[in-house]
Structure formats: C-alpha cells, structure tokens
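Spelled out from the first residue to the last, the chains are:
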Amino acid sequence: MKKTVMIAVAVLAMASCSRNRFHVEGQVSNAKDSVLYFEHMGLAGCDVLDSVRLDDDGSFSFSGEGQEAPEFYRLRISDQIVSLAIDSTETVTVKAHWPRMASEYEVDGSEECRTIKALALKQMDLQRRAMQVSRDEGLTVDQVNDSILAMIRSYKVEVKRKYIFPAPNRPSAYYALFQTLGNMLLFNPRADKADIKVFAAVATSWDTYWPEAERGRNLHNIAIEGMRNVRISEAQANRAIDASKVQETGVIDIALRDNKGQVRRLTDLKGRVVLLDFHVFATSESPARILLLRELYNKYHGQGLEIYQVSLDADEHFWKQQTAALPWISVREDKGVGSTMLTVYNVQAVPEFFLIDRGNNLTGRSQTIKDLDQAIRSLL
C-alpha cells in the first residue's frame, strides 16, 4: 500500500512539473551548422537560455518554466530573429527558412505569436519604406523628415486601432508598444502626450489580468515618467532663452550624466577645443565613426581637444557597455530623438557634430566643415 501511494505521488509530481513547462520546437531549413539561440527578452535585457547547432533537417526543441504572466522570447540566428510571446504552458511550433528567417516563417500553437509575426512584418515594411525615402537624392532633408514622420503617424494610428486598443491585455499589444524604427521608439511616452495614453491603457489592462506582473508595473512607471518629462519639456519650451548667457558662452549649455553617473556640462570645457558629437551606438555606422573619433582624440587631446559625445540610444545598459572603454566625455540624453536639445541645435540627422573653440563659441558643424582634421588644428 505504501509503495502504491509513493508511486502515485511521484506520478503527480511528474505531471505537475510537465504542466509547468512550455515548449518551443520546429525546424529551420537551409541552416545546417548554424547556431540557433533561444533567448529570454527580460526587462533588464536579453538572456540566452539555450542553443543548438542545427543539423541537416534543422530540427530544434527548447523548453522553459512557465510563468504566471506572459513572457517574451526569441529564436535567433545571427541578426535574424523570430519573436515569441509565451503564455503559461503552451507548445509553439516554428518552421522557418534561412537566411530570411525573420520574415519567412510559420508559427502554430499560439494566436499571439501569429499576431506578433504580423506586427514584425509591418515594422520591417515601415523600415524598408523609410530607408527608400531617405536614399532619395531628389528630396531635401526637410522633405525626407516630413515623409518619414507621416509614415510613422500612419503606422501608429493603424497599430493602435487594430492591435492595441481592441485588446490591451494581450501580449501582442505589449509587444507593439516597444517597436522601433532604427533606434527610435515608435511609441515614445517620454516625448508624446498621446503615447502616454497608449502605455497607460496597456498598463491598466495588465494590472487587471496580472496584478503582480513586473511588466505591468514597468509600464506604469514609464507612463508616469512620460507625463513628468512632457510637463518639463512644455515648461522649458515656454521659457525665453537668456540672450545674455548665449552671448557670453557662444553655445547653449548641455548638462547630462556621463557613463559614471556624474553630471557633465558642456560649458565647463571652456578653454579647450570641443568636438560636440551627437551619436547613436545602435547603428551599423557607429563602429567606423568611433574609430575616426579615436584617431582625432589620440592625435589632438594632448594639445587641448576634448570630445563631448551625446548618445541618443534608448537602451542605457547597452550605451554604458559601448562607452566603458572610451576616453572622452560620454553622456546620454534619455529622451533620445525626442529631445528638445536636437531642436535647439537644429540636428536634422544623426550622427552630427559641432566644433567649439576655446572661448565656448560655435565655429562650425558637419555641413560647413570640409576637413575636420584641419578645422581642429586651426583652433588649437
């Protein structure tokens, strides 16, 4: 009798363990010897949970512990990504084709994952159309910006109407909030009043369905921070710039925290020649640009050159990793491309740089400086 009870308990325990796990399985064709990663997309960043080197048929199978609230994962080979939302203990099957895995895949077992695929494809199409416009040499900078902004507005209206407001509790609604164009959040509650309402709607819905979920609390914090930032920006926009201070310094001051947490002011560098650089590390052009800046810094820093680099990256942790070994002043604007600072300095595209002389006077910018090396030498 005791032995029978023990067996029954063991069976129940095994069944319980089985019920508490989810499974992601399938095939990636034409990807022999590629490493497929299974990653968790947490609030603090991306963590690799498992990986497999694919064989001839490309089969894979991953599993994980089911969570009380929906969680987000992805399958990745190189830069090709399939995003997934996992609700509890479901089994999701993905069949993809390399090398266009991010767009050429089918998913079964999860309606949410199919919806996320639709959103991902829409995002890719927006990216393609924006790149097409930006490469049109017949358009001015203003025309390019106006056209891309119109695309973004139209995209956001459709996503809100079709994917977010009808069911704000769904994981796909949460996923839509964090879609980007390049490095720019399409829904940016830190700079747009209307986007605050979208974040708040999803946050409230997650509170109802998953009151203990950390993601719901995070959404609320983002919405609250957005309301605060918008109020500050509106107050700053209503203030007149002190003309006497502009005349005295020659530049409008920037005061931001560097990658060590210290506030660094641009005007504190008076007495040195300053290269003011607006930069986004999460772009393919970044490594080459950083190499160029390193050459200039190594060459002229001893003679009085300083670089004050303003990052517009959305991911603070990523920015800190990228700047940890850089020798110059690295600060970050957490409002990103929504910053009023870009308007003040008339930054139309990033990267962008300005050259400031020893008296804190702006002497030129990328459009007016043909030879940066020579321009720096002339001010030293």
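Before reading further, recall that the structure is shown in the block above.
Here the structure is a predicted model, which is why all the values come from computation and not from measurement.

Novice: Can you tell me about the sheet that holds strand E1 (residues 21–29), naming the residues and giving the values?
Specialist: The strand order E4-E1-E7-E8 describes an open sheet built from four strands, whose pairing is mixed. Each end of this open sheet is capped by a strand with a single partner; those strands are strand E4 (59–65) and strand E8 (105–108). The average angle at which neighbouring strand axes cross in this sheet is 15°, direction not considered. For E1 and E4, the ladder comprises seven bridges, and the chain directions are antiparallel. Opposite Gln27, over in E4, you have Ser59 as the bridge partner. Packing of helix H2 (residues 111–134) onto the sheet brings it into contact with strand E7 (91–97) and E8, and relative to E8 it is tilted by some 155°.

Novice: How would you summarise the pattern of salt bridges if you had to cite specific residues and measurements?
Specialist: The tally for this structure, following the rule as stated, stands at 22 salt bridges. Notably, a salt bridge pairs Lys156 with Asp195, separated by 2.8 Å at the nearest N-O pair. Remark: Asp195 occurs in helix H5 (residues 193–209) and Lys156 occurs in helix H3 (residues 141–164); sequence separation between them is 39 residues. The pair formed by Lys156 and Asp195 is uniform in burial state, with each residue classed as buried. We note a salt bridge from Asp373 to Lys299, for which the minimum N-O separation is 3.1 Å. Of this pair, Asp373 sits in helix H11 (residues 372–379) while Lys299 sits in helix H8 (residues 286–300); the two residues are 74 residues apart in sequence, bridging distant segments of the chain. Via salt bridges that share partners, Glu39, Arg74 and Arg76 belong to a single interconnected network.

Novice: Break down the sheet that holds strand E17 (residues 362–365) for me, citing the residues and quoting the values.
Specialist: In spatial order, the strands read E15-E14-E13-E16-E17; together these five strands make up an open sheet with mixed pairing. Sheet topology places strand E15 (329–332) and E17 at the edges, where each strand pairs with a single neighbour. Going across the sheet, the axis of each strand differs from the next one's by a mean of 20°, ignoring polarity. The pairing of strand E13 (residues 273–279) with strand E16 (residues 352–356) spans five bridges and is classified as antiparallel. Looking across to E16, one finds that Leu275 is bridged to Leu355. Set on the sheet, helix H9 (residues 316–323) makes contact with strand E14 (305–311) and E15; between it and E15 the angle comes to about 175°.

Conventions we followed
- Sequence order sets the numbering: in each chain, residues are counted from 1 along the sequence as written.
- Note on the predicted model: pLDDT of at least 70 is required for a residue's local features to be given, and 80 or more for side-chain atom pairs to be given and counted; whole-chain, interface and lining totals, by contrast, use all residues.
- Calculated side-chain values reflect all of the structure's heavy atoms, with hydrogen atoms and water omitted.
- By the convention used here, strands pair only if DSSP detects at least 2 bridges between them.
- Working definition: helices are DSSP H or I runs of at least four residues, strands are E runs of at least two. Numbering for both runs from the N terminus.
- Whenever a helix is involved, its axis is fitted only over the stretch in contact; in every case the axis is a line through C-alpha atoms, and angles between N-to-C directions fall within 0 to 180 degrees.
- Pairs of residues are marked as contacts when any of their non-hydrogen atoms sit within 4.5 Å.
- Only one rule defines a salt bridge in this text: a Lys or Arg side-chain nitrogen within 4 Å of an Asp or Glu carboxyl oxygen.
- For every residue, the accessible area obtained with a 1.4 Å probe (protein chains only) is divided by the maximum for its type, and the residue is called buried under 20%, exposed over 50%, and partly exposed between those limits.

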